[in-house]
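A structural walkthrough
These are the residues of each chain, in order.
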Amino acid sequence: QVQVMESGGGLVQPGGSLRLSCAASGSIVSISVMGWYRQAPGKERELVALILSGGTTTYTDSVKGRFTISRDNTKNTVDLQMNSLKPEDTTVYYCAVRSETRNYYWGRGTQITVSA
């Protein structure tokens, strides 16, 4: 049994910041990739950022320079620091985890609302 839990969502004004956290727990052997996705109404789920076990990161163009992903391999956690938030960032964000054996695990999602 593996659980993925997000925290840190909420309401913020344009230009503000939020920090999302995600923890993977349970029976899992070596996580290879951790990342964050988002899905706006009527749109496909989009990869926001990912980070490999060695620290290599990837971001979607719309968040480059604003978001930073980080992880703690010992604790099996991944964070997403979100700065200079825009109304277009409003949606549900999901944490995703992939094991070295290519098993995938998802959190339930956390709502981010950017509004004045």
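Residues numbered from 1 in each chain as written. Predicted model: local features only at pLDDT ≥ 70, side-chain atom pairs only at ≥ 80, totals over all residues. Heavy atoms only, no water.

**What to know about the sheet that holds strand β8 (residues 77–82)**
- What the four strands build is an open sheet, ordered β1-β3-β8-β7; its pairing is antiparallel. The open sheet is flanked by β1 (2–7) and β7 (67–72), the only strands paired with a single partner. Neighbouring strand axes in the sheet, compared pairwise and without regard to direction, differ in orientation by 15 degrees on average. (Pairing = 2+ DSSP bridges. Helix = DSSP H or I, 4+ residues; strand = E, 2+ residues; numbered from the N terminus. Axes fitted to C-alpha atoms, helices over the stretch in contact; angles between N-to-C directions.)

**Looking at the pairing of strand β4 (residues 31–39)**
- Counted residue by residue, β4 has seven buried out of nine residues, so it is predominantly covered.
- As judged from the eight bridges shared by β4 and strand β9 (residues 91–99), these two strands associate in the antiparallel manner. Bridged to Trp36 within β9 is Cys95.
- Bridge count for β4 against strand β5 (residues 46–52) is six bridges, and the pairing is antiparallel. Of the residues in β5, the one forming a bridge with Met34 is Ile51. (Buried < 20%, exposed > 50% of the residue type's maximum accessible area, 1.4 Å probe, protein only.)

**Describing the nonpolar core**
- Judged by nonpolar contacts, the single largest core of 27 residues is most densely connected at Trp36 and Leu80.
- Elements with a minimum of two residues in this core: β1, β3 (18–26), β4, β5, β7, β8, β9 and β11 (110–114).
- No other element matches β3, which puts four residues into this core. (Core = buried A, V, L, I, M, F, W, Y, C linked by side-chain atoms within 4.5 Å.)

**Describing the environment of Arg19**
- Residue position: Arg19 is located in strand β3.
- Spatially, the C-alpha atoms of Arg19 and Gly9 are 7.6 Å apart, while their sequence positions differ by ten residues.
- Residues in contact with Arg19, not counting those within four places in the same chain, are Ser7, Gly8, Ser70, Asp79, Leu80 and Gln81.
- Here Asp79 takes part through its side chain, which lies 3.1 Å from a polar atom of the side chain of Arg19.
- Here Gln81 takes part through its side chain, which lies 3.0 Å from a polar atom of the side chain of Arg19. (Contact = heavy atoms within 4.5 Å. Polar contact = N/O pair within 3.5 Å; in protein donor to acceptor, adjacent residues only side chain to side chain.)

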